[in-house]
Every structure is written in C-alpha cells, then in structure tokens.
Amino acid sequence: MDGEWIPVVDEGGAREVSLRCALTRAHELNGLAVDNPLEMAAVLRQVLLPVYLHACGSPTDDREWGRRWTAGRLDEAMDDYLSDHRDRFDLFGLRPFAQVAGLRTAKDETKPVSLLIAAAATGNNVPLFASRTEADPPALTCAQAARAVLATQCWDTAAIKSGAVGDPKVKGGKTTGNPTGPLGGLGVVIPVGRNLFETILLNTSIQPQPREHDRPQWAADEDDDRPTDRWPGAAAWSRRPVRGILDLLTWQARRIRLVPETVGGATVVRRVVVAAGDRVDQLPEYEPHTAWRRVDKPKAGDPPNRPVRHVPGRAAWRGLEPLLATRMDAGESVTSSQLLRQLNILRARRIVARDLPVQVVTVGVEYGNQSAIVEDVMADRIPLPVAALNPESPVRKLLLDVVAEAEALRNAGNRLGDDLRQAVGGDKLPWDKGQRVGDSFILEFTPLVARTLRELQRDSQDVEGAQQRWRREALRVAFEAAEPVLSSVPAGAFLGRIRHDGVSTSASVAEAWFRGSVRKILNLQREAMTGAI
C-alpha cells in the first residue's frame, strides 16, 4: 500500500506515488499519467474508484454529490480505511492483491510475465516491431507488475488459459471459451477533471440505494453468503450476474499469481500463472464508462442496448455524437455514458459550472484472430464543453455540425482522388485499399476541432464566432491538403478523357467540383473567400 506504484502527474511532472498518497492528496495531484492508457483506466477502475466508494459509500443523490464536490478533497475516512485494509493491498502477502495465493497448474508450469502486457510478444500475440520474443521476457518491477495485473483483469485476450488446480471446469489442463476482459467489449469513456480529486468525483455514480452483497474483490470474503470456493481468492470461477458497482469495477476476469524473484537485491517478476476467472452473465446498464447503442431487434434474452465501441484509426472527436447523446428518448439510437448523462444533470442544477474544463479520455482495444491477440490499442483525449451535454444547447448543435462537415469534407476529398484517377485512365480506389485523399487530410482537422472545443469550454456563448473560425480554417486545410494531389496530376489529365460509361472527365472538372463542394459543405460564399486561399 505504501509502495510507490500509481503513476500521477503534478507540478513537478510525472512520478509514481503510493495508494495512500494518491487518495489522501488527490486534490494536490493533477491527475493520472496516461503513458499506458490501458493501465490508466485499470488503476482508476480497479483501485482508486472502488476504494473511495467502499470507504465513503456512493452519494445517494445529487445534493450529496454536490457537497462532496464543494469540499474540494476526498473525505478523511480514506486514511482510516486504508489502514484497516492494509494487508489487502500487499502484492505478495498471504492474500496477494488481485491474485490467488498458491495458484498453480497440475504441472506447476509458469509463463513469461509478458502474458500480462498487451504490447509484448507472447505465444501467437507478436507485435510487428516487437524488440523481444517470448523467450526473452521482461523483468517487471513490483510497481509495473501490479499495474499489469490490473490491466489484465480489464483487457486480457480471449485465448485459452492454463487450467488451475482447484478449478473443476479444467479439461485437458486448460480452459476454453474465455471471453476478453470486461473492458475489451467497451468503448471506454472516462471524464477527467482538473485534478485527481475531480476525476474521482466525476467518475462517481450517484446510487440511490446500495446493492446487497456488493463488495470490491479485496473484501469479497466479508460476504457470508458467498461460497468459499467461488470468491476471487480461490482458483474456481463462475458465470454470474454482477452484484453492484463495486463488484463490477473490481471484476476478476482472471485468476493470476505473480512469481517474484530477487535480482540484484530488488524484487522483480519474470514469470506468472494466468487462469480463467469469473465471467459476466450480462453487462449491467449501470456500467458507467461506455455509451450505449439500441438494438432494433434483440434476440430473446439479449439486452436491448449494447456498448458503443471505438472505431480503430478514428479520433475521439469523430465519435462526439454518442458522447453528447444525454437525452434518453425512446427514439434515440445511441445514449451517452451514465457518467456524462449524470454530469449533464449536475450542470442543469448548477452543481458544476458550465465552463468546467472537463476532458474525456477514450480507450479501447481491437482484438484479432477470435479475440486471442491484441491488434491495436486506441486512446485519445479531447476537451468537452459541459454546455454541449445539454440536448437543446447551440453548442451541442455546432459540435455535431462540425463532425458532420468534417466527414463530408473527407468524402469530398475521397471523390477528388477517384475523379483524378479516372482522369488519367485509372479506376476508383477500393474503399479498403490504398491511401485515400480525404482519409488522409481529415487528420489535419484534429487540431482545429480541439481548438474549437477549448474555445467553447471557455466561452459557450460565442457559438457563431467559433463556427466561423472553424469553417474558415477547415476550408484552408482542405484546399491546402488537396493542392499536392492536384499538382501531381499529369498535364494531359487536364485535357480530359472519355470514361467507359461515355462520361467525359478531366482534372480541371474534378478540381472545380471539389472546390465548389468544399464551399457548399462549409456554407461559405465564394466572394467571402477572396484572398483567403
């Protein structure tokens, strides 16, 4: 508990602090460091947030939440709680944190600790530019190992797991059918405040009624009704419903045991045992860190809503629509996360200021080969104007317009590329192959959109001015990005040619169409652009 293992940022830069320091001095720390977004999300969900909720309880209404927010720091009960539960956070004690003491296979096999690291080579999960192989595993410090365990509980692949002694479901020394970690199927959305205290409060759900038998994993044995061979400190596991928010946040999707060794007087971890863990019967809709999409015709027994996952290669601002969908109307196809809907209510009741500089961190994993390998880790961070969470706000409308206009400009750029290819006698580029013109220059819009978001955070009244600045800059970027493409076209393409369908095409026609389309999309008149480009 008192070891320094939680990565934070403060005025002195990035460093690691103890769990006690992170919680008792949360108001003095700028926030969690996000060098590894999977670990950042895991540390918040699996430790900081549930420790706070178990120590102080969930706020039962918005007034209580507001009192905590106004206090400006976490309750002093945190220190007593951590002292009372000190032994539950020992990484190598009799009850090792987030692990199973004595976990072993029938043959006492262990595997490289790289099994816990999504970007490390292990088995058939070998990143393209990996500098290590499975035969040369890293040696993790205790701090690194603790964070890797938590990340594995959240994001592990769905590969076959070692069969553990004491697990009655083992067949042939292994378990199959393991799903990914519980966050693997989500598009994780984490609101972030100006300091760690604000971040913890912004991620604290209001719970009018506590749920019976809801415990974090380190206190699971405090529930007398739980079978002793099924709690997270045993090798056996089960498929079961989630008991509540604490159970959900600290879900033990794997049974793990770190194997420590001493190197040069320091304790490191090179080997590990990873076995099957509990499986979620059905993800509850009070899962706080994902947006939801309505299922038109769900199968019998399936939930009516499914988590919205992040799209690989797409910046977070391009997914603003589900983030801002705080109105839970029956006709809506997407709904924002529970925490952002809650933040909108707190804004409407003036518990938080409409100019609060909230940011949103988005994290997701793309799996491949039957979810047995990690192909990509998606992470982004954007400013979020609180005023935009109001469904009737002109700020929300503007931001959705910005996203729609950027997508329309991308399509216009892609068509320009296709038209130029046909002008030189080629074919249109398949949508899933090659580098398309619009797909490349939409990346240039990211700093423009981020600037617009920051402007609206500071002044949510200046919607018209923000819109004008966005459109003029977007036009400039679109024209500048298209210029090298147009310059590279052979001179003969401007003379034109007849396509196979009898239609005449040329580079000059393609350019004129593109420039006209850009101005039309941005609702800008030609005369207003004189001298701008």
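Because the structure is predicted, anything quoted here is derived from the model rather than measured.

A.B. asks: Sorry, what's going on with the environment of arginine 410 here?
C.D. replies: Among the secondary structure elements, arginine 410 is positioned in helix α10 (residues 394–423). For arginine 410 and alanine 478, which are 68 residues apart along the polypeptide, the C-alpha to C-alpha distance reads 8.8 Å. Not counting residues within four places of it along the chain, the set of residues in contact with arginine 410 comprises Arg318, Gly438, Asp439, Phe441 and Ile442.

A.B. asks: What's the story with the environment of glycine 465 in this structure? I'm lost.
C.D. replies: When you line up the elements, glycine 465 lands in helix α13 (residues 463–487). Separated by 10 residues in sequence, glycine 465 and glutamate 455 have C-alpha atoms that sit 9.7 Å apart.

A.B. asks: What exactly am I supposed to notice about the sheet that holds strand β14 (residues 305–307) here?
C.D. replies: Hydrogen bonds between backbone groups are what pair the strands of a sheet, and the pairing can be parallel or antiparallel. Read across the sheet, three strands follow the order β14-β13-β15 without closing on themselves; strand pairing throughout is antiparallel. Pairing within the sheet leaves two strands with one partner each, and these edge strands are β14 and β15 (334–335). Two elements, strand β13 (residues 292–294) and β15, share two bridges in a ladder whose sense is antiparallel. Bridging across to β15, arginine 293 finds its partner in valine 334.

A.B. asks: When you look at the packing of helix α2 (residues 37–56) against helix α5 (residues 142–155) in this model, what are you seeing that I'm missing?
C.D. replies: In a packed pair of helices, the relevant descriptors are the angle between the two axes and the axis-to-axis distance. The N-to-C vectors of α2 and α5 enclose an angle of 85 degrees; their axes lie 8 Å apart at closest approach. Taken together, the axes of α2 and α5 lie roughly perpendicular to each other. Facing α2, whose interface residues are Leu38, Glu39, Ala41, Ala42, Val43, Gln46 and Val47, α5 presents Arg147, Ala148, Leu150, Ala151, Gln153, Cys154 and Trp155.

A.B. asks: In this structure, what is going on with the environment of proline 298? I would like to understand it.
C.D. replies: Tracing the sequence through the fold places proline 298 in the loop between β13 and β14. With a relative accessible area of 35%, proline 298 lands in the partly exposed category. The residues contacting proline 298, other than those within four sequence positions of it, are Pro303 and Pro304.

A.B. asks: Is there a simple way to think about the confidence of the model for the chain in this case?
C.D. replies: Detailed conclusions should not be drawn from predicted coordinates in areas where pLDDT is low. When pLDDT is averaged across the chain, the result is 88; 89% of the residues are at 70 or more. Across the chain, element-level confidence peaks in helix α6 (residues 196–202) with a mean pLDDT of 98 and bottoms out in strand β18 (residues 497–498) with 62. Note that pLDDT drops below 50 for residues 127–132; the model gives that stretch seven contacts with residues more than four away or on any other chain. Low pLDDT (under 50) marks residues 526–533, which in the prediction has nine contacts with non-local residues, meaning those over four places away or in another chain.

A.B. asks: Can you walk me through the side chain of asparagine 178 in this structure?
C.D. replies: The topology assignment puts asparagine 178 in the loop between β7 (174–175) and β8 (188–192). Judged by its relative accessible area of 4%, asparagine 178 is buried. Within the structure, asparagine 178 has its side chain in polar contact with the side chain of arginine 279 (distance 3.1 Å). When near neighbours in sequence (up to four residues on either side) are disregarded, asparagine 178 contacts Ala158, Ala159, Ile160, Lys161, Arg254, Ala276 and Arg279.

A.B. asks: Can you help me understand the packing of α2 against helix α4 (residues 77–84) in this one?
C.D. replies: The interhelical angle for the contact between α2 and α4, taken along N-to-C directions, is 100 degrees, at an axis separation of 9 Å. By the criterion of interaxial angle, the relationship of α2 to α4 is roughly perpendicular. Contacts between α2 and α4 pair Val51, Tyr52, His54, Ala55 and Cys56 from the former with Met78, Tyr81 and Leu82 from the latter.

A.B. asks: I'm lost on the pairing of strand β10 (residues 254–263) in this one. Help?
C.D. replies: Looking along a regular strand, one sees side chains alternate from face to face of the sheet. When β10 meets strand β11 (residues 266–276), the two strands line up antiparallel, connected through 10 bridges. By the bridge assignment, valine 263 is partnered in β11 with alanine 266. What sits between β10 and β11 in their antiparallel hairpin is a turn of two residues, with glycine 264 showing a positive phi close to 60 degrees.

A.B. asks: What should I look at first to understand the nonpolar core in this one?
C.D. replies: Looking at soluble globular proteins, one finds that nonpolar side chains tend to be buried together. Counting 131 residues, the largest nonpolar core has Ile6, Leu48, Trp155 and Phe445 as the members making the most contacts within it. Sequence-distant contacts of leucine 48, that is, excluding residues within four places in its chain, are made with Ile6, Leu19, Ala22, Leu23, Leu32, Val43, Leu196 and Ile200. Counting residues in each nonpolar core, the second largest holds six residues, with Val100, Ala164, Ala235 and Ala275 among its members.

A.B. asks: I'm lost on the pairing of strand β16 (residues 358–368) in this one. Help?
C.D. replies: For β16, the tally of buried residues reaches nine of 11 residues, placing the bulk of the element in the interior. Note: β8 against β16, five bridges, orientation antiparallel. In the sheet register, valine 189 faces β16, and the bridge partner there is threonine 362. For β16 and strand β17 (residues 373–384), the ladder comprises 11 bridges, and the chain directions are antiparallel. Looking at β17, one finds that valine 360 is bridged to isoleucine 382. Here β16 hands over to β17 after four residues, with asparagine 369 in that stretch at a positive phi of 50 degrees.

Quick notes on the rules
- Residues numbered from 1 in each chain as written.
- Predicted model: local features only at pLDDT ≥ 70, side-chain atom pairs only at ≥ 80, totals over all residues.
- Heavy atoms only, no water.
- Helix = DSSP H or I, 4+ residues; strand = E, 2+ residues; numbered from the N terminus.
- Contact = heavy atoms within 4.5 Å.
- Pairing = 2+ DSSP bridges.
- Axes fitted to C-alpha atoms, helices over the stretch in contact; angles between N-to-C directions.
- Parallel < 35°, antiparallel > 145°, perpendicular 65-115°, else oblique.
- Buried < 20%, exposed > 50% of the residue type's maximum accessible area, 1.4 Å probe, protein only.
- pLDDT = per-residue confidence, 0-100.
- Polar contact = N/O pair within 3.5 Å; in protein donor to acceptor, adjacent residues only side chain to side chain.
- Core = buried A, V, L, I, M, F, W, Y, C linked by side-chain atoms within 4.5 Å.

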